[in-house]
Amino acid sequence: MGRVEGKVAFITGAARGQGRAHAVRLAQEGADVVVTDLAGPVETVGYTPATPADLAETVKEVEALGRRAVSFTADVRDHEALAAGLDAGVAELGGLDVVVANAGIINAVRPSWELDEADWREMIDINLGGVWHTTKAAVPHLIERGPGGSIVLISSTAGLRGIPGIAHYNAAKHGVLGLARTLANELAPYRIRVNSVHPTNVRTVMIDNPSSARIYRPDLESPTFEDSLPALAKINMWDVPYVDVEDVANAVLFLACEESRYVPGAALPVDLGMSQKYSGA
């Protein structure tokens, strides 16, 4: 216990799923948190959006661990709103040590030349532009707090491989990897570590929903998430369909704490071997 004792962490997309898991895991190890989420719909996204009540539940779970939590709603596409909310949170909690840029979406799944302009634009603006906005808002606070600190950018195995049908998602997640590597060099003089995490399928509402199930089981009229599990398992090296949010949160914790003090610029897969799976001749 206490691996990030006395630290303050900023987490985006924190209303549920991976973001909530990151906030809770860091709080379990002693961190106070600033958490944000859009907590509302995105036009091109078909699955159920997070809500303000979800974000409040994240705060409740952090506070139940005896840690402080400051929350605000913001769209990561809106840098001014994101920066204003973070500034207020940092003022209340006294500084900033850790950043977890987690907010992201998935929308259309189809060949790249069939994507709508809106599908492409929202994906890039949220999954890449929103990550840049997060770091743009946070880096001055980390430098002021210094020396040291940690930024963890949540990418995907789609940031390591070219997965058919999601060119815009691949492009955004590859961009996150490039941003992490560049920031690692830019922030090296300040001893601020910047790394990326690359999960395979994670059981969140992003894949556990009817529209996602139809993608993996187009042969069924009304497939369930359970129907999609064999197809999800084929993606990975091990015969396991997904990792849990806690598996990704544990990787984030390692990169946030001093155990990774000499680990800048790494791309850490939490992927059941997906990024290295041999598909055969």
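This text gives an overview of the structure that appears in the document.

## Concerning the packing of aromatic side chains
Step number 1: Enumeration over the complete set of coordinates arrives at 2 aromatic pairs.
Step number 2: Plain terms: the ring middles of Phe-10 and Phe-72 are 6.3 Å apart, the flat faces sit at 15° to each other, and that makes the pair stacked. Separated by 62 residues along the polypeptide, Phe-10 in strand β1 (residues 8-11) and Phe-72 in strand β3 (residues 69-73) bring together distant segments of the chain. As far as the burial class goes, Phe-10 and Phe-72 line up, both buried.
Step number 3: Centroid distance Phe-225 to Tyr-242: 5.9 Å. Interplanar angle 45°. Geometry classified as tilted. Highlighted residues: Phe-225 in helix α7 (residues 225-234) and Tyr-242 in the loop between α7 and α8 (245-256), separated in sequence by 17 residues.

## So, helix α1 (residues 17-28)
Step number 1: The end-to-end C-alpha distance of α1 is 17 Å, a good match for the 16 Å that 12 residues give at a rise of 1.5 Å each.
Step number 2: Here α1 lies mainly inside the structure; 10 of its 12 residues are buried.
Step number 3: Turning to α1, its buried residues number three or more, namely Gln-18, Gly-19, Arg-20, Ala-21, His-22, Ala-23, Val-24, Arg-25, Leu-26 and Ala-27.
Step number 4: Immediately downstream of α1, the backbone of Gly-30 shows phi near 110°, a positive value.

## Quick word on the sheet that holds β1
Step number 1: Overall, parallel pairing links the 7 strands, which are arranged β3-β2-β1-β4-β5-β6-β7 in an open sheet. Looking at the sheet topology across the chains shown, the edges are occupied by β3 and β7 (267-270). For this sheet, the mean angle separating the axes of adjacent strands, direction not counted, is 15°.
Step number 2: As defined by bridge partners, β1 adjoins strand β2 (residues 32-37) across 4 bridges and the pair is classed as parallel. Counterpart to Ala-9 in the pairing with β2 is Val-33.
Step number 3: Across the sheet, helix α5 (residues 167-186) is in contact with β5 (150-154), β6 (193-199) and β7; its angle to β6 comes to roughly 160°.

## Let's talk about the environment of Gly-94
Step number 1: On the secondary structure map, Gly-94 appears in the loop between α3 (79-93) and β4 (98-101).
Step number 2: For the pair Gly-94 and Asp-32, spaced 62 residues apart in sequence, the C-alpha separation works out to 10.0 Å.

## A few points about the nonpolar core
Step number 1: If you look at the biggest cluster of nonpolar residues, it comprises 43 residues, and the most contacted ones within it are Phe-10, Leu-86, Leu-96, Ile-151, Leu-153 and Val-194.
Step number 2: Contributions of two or more residues to this core are made by β1, β3, α3, β4, α4 (117-145), β5 and α5.
Step number 3: Look past the residues within four positions of Leu-96 in its chain and what remains in contact with it is Val-8, Ala-9, Phe-10, Leu-86, Val-90, Ala-138, His-141, Leu-142 and Arg-145.
Step number 4: Judged by nonpolar contacts, the second largest core, of 35 residues, contains Ala-14, Val-202, Val-245 and Val-248.

## Notes on the pattern of salt bridges
Step number 1: Enumeration according to the criterion identifies 15 salt bridges in this entry.
Step number 2: Between Asp-32 and Arg-68 there is a salt bridge, with its nearest N and O atoms 3.0 Å apart. Residue Asp-32 is found in strand β2, and its partner Arg-68 is found in the loop between α2 (52-63) and β3; the two are separated by 36 residues along the sequence.
Step number 3: Taking relative accessible area as the criterion, Asp-32 reaches 6% and is therefore assigned buried.

## Some points on the side chain of Arg-25
Step number 1: Mapped onto the elements of the fold, Arg-25 is located in helix α1.
Step number 2: For Arg-25, a relative accessible area of 18% corresponds to the buried category.
Step number 3: Within the structure, the side chain of Arg-25 is placed 2.7 Å from the side chain of Asn-250, a separation counted as a polar contact.
Step number 4: Leaving out residues up to four positions away in the same chain, Arg-25 has contacts with Arg-3, Ala-249, Asn-250 and Leu-253.

Criteria and thresholds
Residues numbered from 1 in each chain as written. Predicted model: local features only at pLDDT ≥ 70, side-chain atom pairs only at ≥ 80, totals over all residues. Heavy atoms only, no water. Phe/Tyr/Trp six-rings, centres within 6.5 Å; stacked < 30°, edge-to-face > 60°. Helix = DSSP H or I, 4+ residues; strand = E, 2+ residues; numbered from the N terminus. Buried < 20%, exposed > 50% of the residue type's maximum accessible area, 1.4 Å probe, protein only. Expected span 1.5 Å × (residues − 1). Pairing = 2+ DSSP bridges. Axes fitted to C-alpha atoms, helices over the stretch in contact; angles between N-to-C directions. Contact = heavy atoms within 4.5 Å. Core = buried A, V, L, I, M, F, W, Y, C linked by side-chain atoms within 4.5 Å. Salt bridge = Lys/Arg side-chain N within 4 Å of Asp/Glu carboxyl O. Polar contact = N/O pair within 3.5 Å; in protein donor to acceptor, adjacent residues only side chain to side chain.

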